[in-house]
Amino acid sequence: ALEYAPENLRSDREVVLAAVKDYGGALKYASESLKADREVVLIAVEDDSAALQFAAESLKADQEFILEIIENRGGHLLLHAAESLKANRQFVIKAVNLNGGALKYVDEDLKNDREVVLSAARSELMMSAALLYASESLKANSEFVIEVIKSNKYGVRYAIEFAAENIKADRKVVLEAIKLEPYPE
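Rules used throughout
- Residues numbered from 1 in each chain as written.
- Predicted model: local features only at pLDDT ≥ 70, side-chain atom pairs only at ≥ 80, totals over all residues.
- Heavy atoms only, no water.
- Phe/Tyr/Trp six-rings, centres within 6.5 Å; stacked < 30°, edge-to-face > 60°.
- Lys NZ or Arg CZ within 6 Å of the ring centre and 35° of its normal.
- Axes fitted to C-alpha atoms, helices over the stretch in contact; angles between N-to-C directions.
- Helix = DSSP H or I, 4+ residues; strand = E, 2+ residues; numbered from the N terminus.
- Parallel < 35°, antiparallel > 145°, perpendicular 65-115°, else oblique.
- Left-handed = near helix turned anticlockwise from the far one by under 90°.
- Contact = heavy atoms within 4.5 Å.
- Nonpolar A, V, L, I, M, F, W, Y, C, P; charged D, E, K, R; others polar.

Peer 1: Even after reading the chapter, I still don't get the packing of aromatic side chains, so can you show me in this structure?
Peer 2: For any pair of aromatic rings, geometry is given as the distance between the ring centres together with the angle between the planes. What the rule picks out here adds up to zero aromatic pairs. Sitting above the plane of the tyrosine 158 ring, arginine 157 keeps its charged end 5.6 Å from the centroid.

Have a look at this one:
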């Protein structure tokens, strides 16, 4: 309904809050000032994570706000964050510590950063599946894959699954994996 409402109602905070509470995507039709309102956007994202794409650029570039959303709603929301945040190493490490799945959406250069990928692997929510989004060179580095395996004992099978083919045949890597997870599920 907000889509067809006149501008004065799209700028009415009470009307917009009611709309985004029922359908987060209604944020698309809110006034620019309300797209920059933290509370309005948080309520919209609670209903529909994809609503973040309609938030004001200032909020999408707000480190504290994006970290809060990642922590509460998931790493996939980094997709809609400002590109400058996705390329900010310190911010990305914080984001992947909260939810390793955020690694999928970081700048490509950071997917080749050992500390960033290890932080994602250590994330309880991601386990060692972080290698899925790591650079090909890290996936093919046996010492790094062993670090990933050791970083989260609950994700050993994922580390092996997403490692490069040459690593899956690396005796040292396989022995380390077996040592940490001797019984397949």
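Peer 1: Sorry if this is basic, but what is going on with the packing of helix 4 (residues 38–47) against helix 6 (residues 63–73) here?
Peer 2: A pair of packed helices is characterised by two quantities: the angle between their axes and the separation of those axes. Remark: helix 4 packs on helix 6, axes separated minimally by 11 Å, with the N-to-C direction vectors making an angle of 25°. Here helix 6 runs roughly parallel to helix 4, going by the angle between their axes. Note that helix 4 runs across helix 6; the crossing there is right-handed. Taken together, the residues of helix 6 that come into contact with helix 4 (itself represented by Arg38, Val41, Leu42, Val45 and Glu46) are Glu64, Phe65, Glu68, Ile69 and Arg73. In terms of residue class, the contact of helix 4 with helix 6 is built from five nonpolar, no polar and five charged.

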